[in-house]
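Structural features, examined
This is what each chain is made of:
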Amino acid sequence: MKKFNITIAGGGSTFTPGIILMLLDHLEDFPIGTIKLYDNDKERQQTIADACEILLNERAPGVKLQASTDPKTAFENVDFVMAHIRVGKYAMREQDEKIPLKHGVVGQETCGPGGLSYGMRSITGVLEIVDYMEKYSPQAWMLNYSNPAAIVAEATRKLRPNSRILNICDMPIGIEELMATNIGLKSRKEMVVKYYGLNHFGWWTDIRDKSGKDLMPSIIQHVEKFGYSTDTGSDMEQEASWNDTFKKARDVQALDKHTLPNTYLKYYFFPDYVVEHSNKDYTRANEVMAGREKFVFGECQNIIDKGTAEGTELTIDEHASYIVDLARAIAFNTKERMLMIVENKGAISNFEPTAMVEIPCLVGSEGQEPLSVGEIPRFQKSLMEQQVGVEKLTVEAYEEQSYQKLWQALTLSRTVPSASVAKNILDDLIEANKDYWPELK
Ligand code: NAD
Ligand code: G6P
Ligand code: MN
């Protein structure tokens, strides 16, 4: 069988060891020749690379690992680029969360002003990686996790229309795992789902088991009582802030009793609640730095110090399984049904054709084939129209370096109460992002 070469862009990411472990777990059905790590922060990436090299030598000595900050070395001769970069790193995530909160507005990585701010930084970094891939490995596919995926996907649709980039999110599969646990299934893979929306802004409309049995009633019954919360203590749930989000899904679901919502809708339906329950001096970025980042880099340093990965607590997660499933679907033309962020083009028949929507697709060697959704109800359609306007205006603002359009985008967001608050937040964000955003005129 052919051995695939893979570049992980954002090699210094906290998710890199999980992806490598997942790739190792699949060597029999997805053989790997070389894994290349690429990052623009040499030192950060080196710690991950050194630890992963020890791990690979022990568990899969046939697989080569190469870490580089040189685009040619990193992108030459590869089949897949798995991208998860965070332009500005956690220091800028902290700003994205704290600046809006200072103005009494939701401070979140991908939703509301924080998402716009992150988007204006990410577009440059993601386009750069697409361009490196096209220059050095034009046949490769880029599988993109880099956030904010909604804005990144719109930017690549518009600015790199012919590139082989597929945009994905792990939130729906994370929630589907919780749903499966809650109704006594072993895995989300026992469910076939219908889902539509925008990224971090969508709804399940139908969930069945493989025999066609409707699972919606039992899942809804659980959500009406407990949200998506389980009592099993999954990794995510062990963190208080995620647990709150899963519980809050109960209130989010109450808005439409026939569907099941993405947890991110809480930021749009209950922004007042979210602000009240936020600590403006200690946000999710602080939690992640003290939690996941410290843990992953600590474990990597342990491996390096001991010279062995034996006994390491680094583990595979759902995030990694999805991107590896996607690579396999393309490599072996499996036509697996997966949720992808794609151009609508009529799949949702009563919605803007050029909107980037998150819907089920069949994935094979030619990429993604969106499945038809049909008409969606007025409530969801109206919410999505407003949010797609926010995302498109942000990309236009980036492209045209337009202050006016970014102000409009912020004003249009459901999370922002007025144009004057939008302007105050925008002026602070411009100052904080001066090393990253295009200059606005
Ligand atoms: P992280 O900060 O640990 O890792 C990101 C890495 O990207 C850093 O090492 C950084 O140096 C590097 N980087 C930044 N700009 C770069 C550039 N221009 N070129 C190359 N490398 C660059 O962050 P993390 O928490 O591990 O998350 C990584 C990314 O994955 C984020 O964008 C996050 O939002 C995203 N993510 C997405 C999903 C999803 O559902 N789509 C799920 C989880 C994480
Ligand atoms: C989910 C979302 C991602 C997001 C992540 C944030 O997985 O789908 O888009 O990046 O949560 O998690 P964190 O632990 O960094 O707050
Ligand atoms: Mn996501």
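Residues numbered from 1 in each chain as written. Chains lettered and ligands numbered in written order. Predicted model: local features only at pLDDT ≥ 70, side-chain atom pairs only at ≥ 80, totals over all residues. Heavy atoms only, no water.

Looking up the protein chain in an unreviewed UniProt entry gives the name 6-phospho-alpha-glucosidase, with the organism given as Mammaliicoccus vitulinus. Within the UniProt record for the protein chain, the comment given under Sequence similarities (unreviewed entry) is "Belongs to the glycosyl hydrolase 4 family." (UniProt positions renumbered as here; feature names shortened; annotations may be inferred.)

Observations concerning the coordination of the manganese ion (ligand 3)
The protein atoms donating to the manganese ion (ligand 3) are Cys169 (SG) and His200 (NE2), with metal-donor distances spanning 2.2 to 2.4 Å. Taken together, the residues span a long stretch of sequence, with cysteine 169 in the loop between β6 (165-167) and α7 (171-182) and histidine 200 in the loop between β7 (191-198) and β8 (201-209) at a distance of 31 residues. Neither residue differs from the other here; cysteine 169 and histidine 200 are each classed as buried. (Donors = N, O, S within 2.8 Å, 3.2 Å for Na, K, Ca; no water. Helix = DSSP H or I, 4+ residues; strand = E, 2+ residues; numbered from the N terminus. Buried < 20%, exposed > 50% of the residue type's maximum accessible area, 1.4 Å probe, protein only.)

Concerning the sheet that holds β7
Judged by pairing direction, the sheet is antiparallel, and its three strands sit side by side in the order β7-β8-β9 without closing on themselves. The open sheet has two edge strands with one neighbour each: β7 and β9 (260-261). Docked against the sheet, helix α8 (residues 216-226) engages β7, β8 and β9, running at close to 130 degrees with respect to β8. (Pairing = 2+ DSSP bridges. Contact = heavy atoms within 4.5 Å. Axes fitted to C-alpha atoms, helices over the stretch in contact; angles between N-to-C directions.)

Observations regarding the site of ligand 2
In the neighbourhood of ligand 2, 13 residues make up the surrounding shell, with Arg93, Asn147, Asp170, Arg284 and Arg292 lying closest. Between ligand 2 and arginine 93 there is a distance of 2.8 Å, counted from an oxygen atom to a side-chain nitrogen or oxygen. A distance of 2.5 Å separates an oxygen atom of ligand 2 from a polar atom in the side chain of aspartate 170. Its free accessible area being 390 Å², ligand 2 has 89% of it covered by the protein chains. (Near = heavy atom within 4 Å. Polar contact = N/O pair within 3.5 Å; in protein donor to acceptor, adjacent residues only side chain to side chain. Areas by Shrake-Rupley, 256 points an atom, 1.4 Å probe, with all protein chains shown as cover.)

Quick notes on helix α9 (residues 240-253)
Since one α-helical turn is 3.6 residues long, residues separated by three or four positions face the same way. Helix length check: α9 (14 residues) gives 20 Å between terminal C-alpha atoms against 20 Å at 1.5 Å per residue, within 8%. Along its length, α9 shows its largest kink, about 25 degrees, at lysine 247. Among all positions in α9, only Trp242, Asn243, Thr245, Phe246, Lys248, Ala249, Val252 and Gln253 are buried. (Expected span 1.5 Å × (residues − 1). Bend = angle between axes of the 7 residues up to and from the residue.)

Points about the site of ligand 1
What surrounds ligand 1 is a group of 27 residues, the closest being Ser13, Thr14, Asp39, Tyr90 and Tyr118. With respect to ligand 1, the side chain of tyrosine 90 contributes an N or O atom lying 2.5 Å from an oxygen atom. In this structure, arginine 292 approaches ligand 1 through a side-chain N or O atom, which is 3.1 Å from an oxygen atom. Look at ligand 1: alone it shows 860 Å² of surface, and the protein chains cover 96% of it. At the level of elements, α4 (89-102) and α5 (113-136) are the ones that each hand at least two residues to the shell around ligand 1. In terms of residue class, the shell around ligand 1 is built from nine nonpolar, 10 polar and eight charged. (Nonpolar A, V, L, I, M, F, W, Y, C, P; charged D, E, K, R; others polar.)

Things to note about the environment of glycine 107
Mapped onto the elements of the fold, glycine 107 is located in the loop between α4 and α5. A residue is classified by how much of its surface remains accessible, and glycine 107, at 19% relative accessible area, is buried. When the C-alpha positions of glycine 107 and asparagine 243 are compared, they lie 18 Å apart, and in sequence the two are 136 residues distant. Contacts of glycine 107, omitting those with residues within four sequence positions, involve Asp96, Glu97, Pro100 and Leu101.

A few points about the confidence of the model for the protein chain
For the protein chain, per-residue confidence averages 97 on the pLDDT scale, and 98% of positions sit at 70 or higher. Quick note on the complex model: pTM equals 0.97, ipTM equals 0.99. (pLDDT = per-residue confidence, 0-100.)

A short note on the packing of helix α2 (residues 42-59) against helix α12 (residues 284-306)
Viewed as axis vectors pointing N to C, α2 and α12 meet at an angle of 55 degrees, and their least axial separation amounts to 8 Å. As judged from the angle between their axes, α2 and α12 are oblique. For the pair α2 and α12, the crossing hand works out as left-handed. Across the interface between the two elements, Arg44, Thr47, Ile48, Asp50, Ala51 and Ile54 of α2 pack against Glu293, Val296, Phe297, Cys300, Gln301, Ile303 and Ile304 of α12. A class-by-class count of the residues in the contact of α2 with α12 yields eight nonpolar, two polar and three charged. (Parallel < 35°, antiparallel > 145°, perpendicular 65-115°, else oblique. Left-handed = near helix turned anticlockwise from the far one by under 90°.)

Remarks on the packing of aromatic side chains
Across all of its chains, the model carries 16 aromatic pairs by this definition. Ring geometry for tyrosine 195 against tryptophan 204: centres 4.7 Å apart, planes inclined by 70 degrees, an arrangement best described as edge-to-face. On the accessibility criterion, tyrosine 195 (2% relative accessible area) is buried. Ring centres of tryptophan 242 and phenylalanine 246 lie 5.6 Å apart, and the angle between their planes is 25 degrees; this geometry places the pair in the stacked category. With a gap of four residues between them, tryptophan 242 and phenylalanine 246 both fall in helix α9, about one helical turn apart. The same class applies to tryptophan 242 as to phenylalanine 246, namely buried. Site record: aromatic cluster; members linked through ring pairs are Phe4, Phe30, Phe80 and Phe332. Across from the ring centre of tyrosine 273, 3.6 Å away, lies the NZ or CZ of lysine 248, which sits over that ring. (Phe/Tyr/Trp six-rings, centres within 6.5 Å; stacked < 30°, edge-to-face > 60°. Lys NZ or Arg CZ within 6 Å of the ring centre and 35° of its normal.)

Quick notes on the packing of helix α1 (residues 16-25) against helix α13 (residues 318-331)
Between α1 and α13, whose axes approach to 8 Å, the crossing angle comes to 55 degrees. Taken together, the axis directions place α1 and α13 in an arrangement best described as oblique. Viewed along their axes, α1 and α13 form a crossing whose handedness is right-handed. Residue-level inspection shows Gly18, Ile19, Met22 and Leu23 of α1 in contact with α13, the latter providing His319, Ala320, Ser321, Ile323 and Val324. Residues belonging to the contact of α1 with α13 are distributed by class as follows: six nonpolar, three polar and no charged.

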